[in-house]
Each structure stands twice: as structure tokens, then as C-alpha cells.
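Residue strings, one per chain:
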Amino acid sequence: MTRKRASDPIGIFDSGIGGLTVAHAIKTRLPEEEILYFGDTAHLPYGDKSPAAILQFADHISSYLVDQQCKMIIVACNTASAIAFEQLQKKWGNDALMLNVIDPVAESIARNKEIKKLGVIGTKATIRSNAYEQRLLKLRPDLNVASLATPLLVSMIEEGFFDNKLSHTIIEAYLNYPDFKDIDAMILGCTHFPLIRKEIDAFFGGEVDIYDSTDIVAEAAVASLTAHELLNKERKNPDRFMVSDYTHSFEQTSRLFFGSEVRLERLPLWDELFR
Ligand code: DGL
């Protein structure tokens, strides 16, 4: 087991730049932490990939982040959390504190006894894995969970279509899913979806509790770092935002997710693997 130090960075990864919503929520709470973000833009989207491919990608990225001495690794992608987290935790759990974006949300919902019926939306791979349903029912077997894959939403958001007529129409078409009738809560099971949270809330007329993976996961990270006495007091290095495939358009879009300018660096992680 490697010794973790408070001054070590927090590694955060996603299939692309959507996980920057989680990075931003962490940064807001813990400005002294050094963030090492990796977006696997060369393999985006994970939502359409096989479990074997997603596991291989997530494992290789985790291995890189452990190499970089990350004290904590946050799998800021619902798809990778659903498919690969158990195995990542087994393999890397001694080297870094491991966090995914599904468990903290499931635990938070389970604590809210007012919720009896809820909906989950996410990528095809996340929904097909049943990860949310399994975790929720383990904690609260009385819950009624309705899930729907909403693959169009990821590319819609990345293309900057939200808060407009087109996004309203697509969101409405998905959320009119009959099984979502009478839900008390809705899980936005994709790290892109915080950007359309307001529209989803409006669709339900503010009557449904909306859960996403930003604040709840950031709070879980704070709690875990505090419990392990690993909160950074004085940061030494700047944050780094790396991607496996750089394009100017990724850099422009990253602003949407992080809320401010982000400079992306290309990290040739796969060239190394397939050499
Ligand atoms: N950010 C990913 C997630 O949370 C979705 C994008 C993808 O399909 O790669 O599931």
C-alpha cells in the first residue's frame, strides 16, 4: 500500500469532458486541492461501448492516476462507474481512495423516505447495467425504479443545445416515458446532465426531486478526505486538464461544463498502451 499524502492530487476521470461538472463542484468546495483531470475523448462516448472495452479504458486511466500519486480517484462518469467500479476498487483501492458517482447518489436517495418511486436516465450502457436499480434496491427494497436510456442528450449538450426549443422538445420526448408518471424523484445518471437540470425540473413543474452527481459526489469526496485526514492545506501545483484526443472544439465545450476557461493538454495515454 502506498502512503497517501494530503498534498497529493485528486484524480478525476470521465469518458470526455462531462466529468468537469464534478471537478467544478469539488473545486468550489476545496479550492486548495490540486486536480488532475483526464477526459478520454479518444474513446468518447463510453455509453455505446462494450463492458470489456469500458473496463479496459477505466483500468488504464486509473493506473496512470495511481502512477501520478493521486490520493483519491473519482470515476466521474456514470457509465464507467456502473461497469467498472467494483473491479477498479479491488485493484486500486489500496493505492488511492476510490469514489464513483453512483453510490453517493443512491445512498442520498435511500435516506429520503419520502421517495417511493423514481426515474433514472443515463447512457445505454449505464441503463443496461442496472447499476442504479441494483444499488437502490439493496438499500431500499421498497423503492419502485423506472429507468430509461437517453443517448441523444449527451451529443445534444456537447453541441451546446440546451435551454432552447430543440432541447425542450428532445427532453420532453424522453421524459414523457409512461413509466415516469407519478415519480417522486429523478436521477440524472450522466455527468453531462447537470447542464439540463433546470429544463428537467421545469418539465416536472418543480414537483419532482432532481438528483445529479455534482454536489452529492463532491460532498462525499470532502467527507472521505476529511475522515482520512487528507485535506490539502496549501496547494503547490496548478490543476491539469488532460484529454486523450485534443480538438479546439473540446476545449471550447469544456467551458460549459467547468463554468470557466479550461486549457486542455493532450496526454498520449493510448499510444503508450498499444505501442
Ligand atoms: N459522461 C458519461 C457518463 O456520465 C456519458 C458520456 C459517454 O457516453 O461517454 O455516463
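Bear in mind that the values here come from a model prediction, so they are computed numbers and not experimental data. (Residues numbered from 1 in each chain as written. Predicted model: local features only at pLDDT ≥ 70, side-chain atom pairs only at ≥ 80, totals over all residues. Heavy atoms only, no water.)

1. Thoughts on empty space enclosed by the protein
(1) Moving on: Evaluated as defined, the whole model comprises one cavity of 30 Å³ or more.
(2) Moving on: What the largest cavity holds in volume is close to 40 Å³.
(3) Moving on: Val120, Thr126, Ile127, Asn130, Ala131, Tyr132, Glu133 and Ser147 together form the lining of the largest cavity.
(4) Moving on: Residue contributions to the lining of the largest cavity peak at three residues, all from helix α6 (residues 131–139).
(5) Moving on: Among the residues making up the lining of the largest cavity, the classes are represented as four nonpolar, three polar and one charged. (1 Å grid on protein atoms, 1.4 Å probe; cavity = no way out; pocket = protein on both sides within 12 Å on 5 of 7 lines; lining within 4 Å. Points joined across faces, edges and corners; volume = space filled by probe spheres on them. Helix = DSSP H or I, 4+ residues; strand = E, 2+ residues; numbered from the N terminus. Nonpolar A, V, L, I, M, F, W, Y, C, P; charged D, E, K, R; others polar.)

2. A short note on the layout of surface pockets
(1) Moving on: One number sums up the size of the largest pocket: a volume of about 290 Å³.
(2) Moving on: Residue lining of the largest pocket: 15 residues in total, with Glu86, Asp103, Ala131, Gln134 and Arg135 positioned closest to the centre.
(3) Moving on: Of all the secondary structure elements, the ones that give two or more residues to the lining of the largest pocket are α3 (78–92), α4 (103–111) and α6.
(4) Moving on: Here the lining of the largest pocket is built from residues that sort into six nonpolar, four polar and five charged.
(5) Moving on: Approximately 220 Å³ is the volume found for the second largest pocket.
(6) Moving on: What lines the second largest pocket is a set of 13 residues, among which Thr21, His24, Pro194, Asp212 and Thr214 lie closest to the centre.

3. A short note on the site of the ligand
(1) Moving on: Within the structure, the ligand sits among 13 residues, and Ser15, Tyr46, Gly47, Thr79 and Thr191 are positioned closest to it.
(2) Moving on: Serine 15 is positioned with one of its side-chain polar atoms (N or O) 2.6 Å from an oxygen atom of the ligand.
(3) Moving on: At 2.9 Å from an oxygen atom of the ligand is found a main-chain nitrogen or oxygen belonging to glycine 47.
(4) Moving on: Expressed as a share of its isolated accessible area of 300 Å², the protein-covered part of the ligand is 99%.
(5) Moving on: In terms of residue class, the shell around the ligand is built from five nonpolar, seven polar and one charged. (Near = heavy atom within 4 Å. Polar contact = N/O pair within 3.5 Å; in protein donor to acceptor, adjacent residues only side chain to side chain. Areas by Shrake-Rupley, 256 points an atom, 1.4 Å probe, with all protein chains shown as cover.)

4. Thoughts on the pattern of salt bridges
(1) Moving on: A complete count under the given rule lists twelve salt bridges for this structure.
(2) Moving on: Its salt-bridge partner being aspartate 59, residue lysine 91 comes within 3.0 Å of it at the nearest N-O pair. Here the residue lysine 91 occupies a position in helix α3, and aspartate 59 occupies one in helix α2 (residues 51–67), the gap between them amounting to 32 residues.
(3) Moving on: With a closest N to O distance of 2.8 Å, glutamate 265 and arginine 240 form a salt bridge. (Salt bridge = Lys/Arg side-chain N within 4 Å of Asp/Glu carboxyl O.)

5. Some remarks on the sheet that holds strand β4 (residues 97–100)
(1) Moving on: With respect to topology, six strands assemble into an open sheet ordered β4-β3-β1-β2-β9-β10, the strand pairing being parallel. One side of each edge strand has no neighbouring strand; the edge strands of this open sheet are β4 and β10 (264–266). Across the sheet, the axes of successive neighbouring strands diverge by a mean angle of 25°, strand direction being ignored.
(2) Moving on: Across four bridges, strand β3 (residues 72–75) lies against β4 in parallel orientation. Pairing of isoleucine 73 across the sheet is with methionine 98, part of β4.
(3) Moving on: Packed on one face of the sheet, α3 meets β1 (10–14), β3 and β4 and runs near 170° to β4. (Pairing = 2+ DSSP bridges. Axes fitted to C-alpha atoms, helices over the stretch in contact; angles between N-to-C directions. Contact = heavy atoms within 4.5 Å.)

6. Let's talk about helix α11 (residues 248–258)
(1) Moving on: When we look at burial in α11, the residues that qualify are Phe250, Glu251, Thr253, Ser254, Phe257 and Phe258. Projected down its long axis, α11 carries its buried residues within an arc of 170°, all on one side. Turned more than 90 degrees from where α11 packs its buried face, His248 and Gln252 sit exposed.
(2) Moving on: Check the buried side of α11 and you find it contacts α1 (20–29), α7 (152–158), β9 (240–243) and β10.
(3) Moving on: Once α11 ends, the next one or two residues include glycine 259, with phi positive near 85°. (Buried < 20%, exposed > 50% of the residue type's maximum accessible area, 1.4 Å probe, protein only. Arc of directions from axis to C-beta.)

This is a description of form; function is not addressed.
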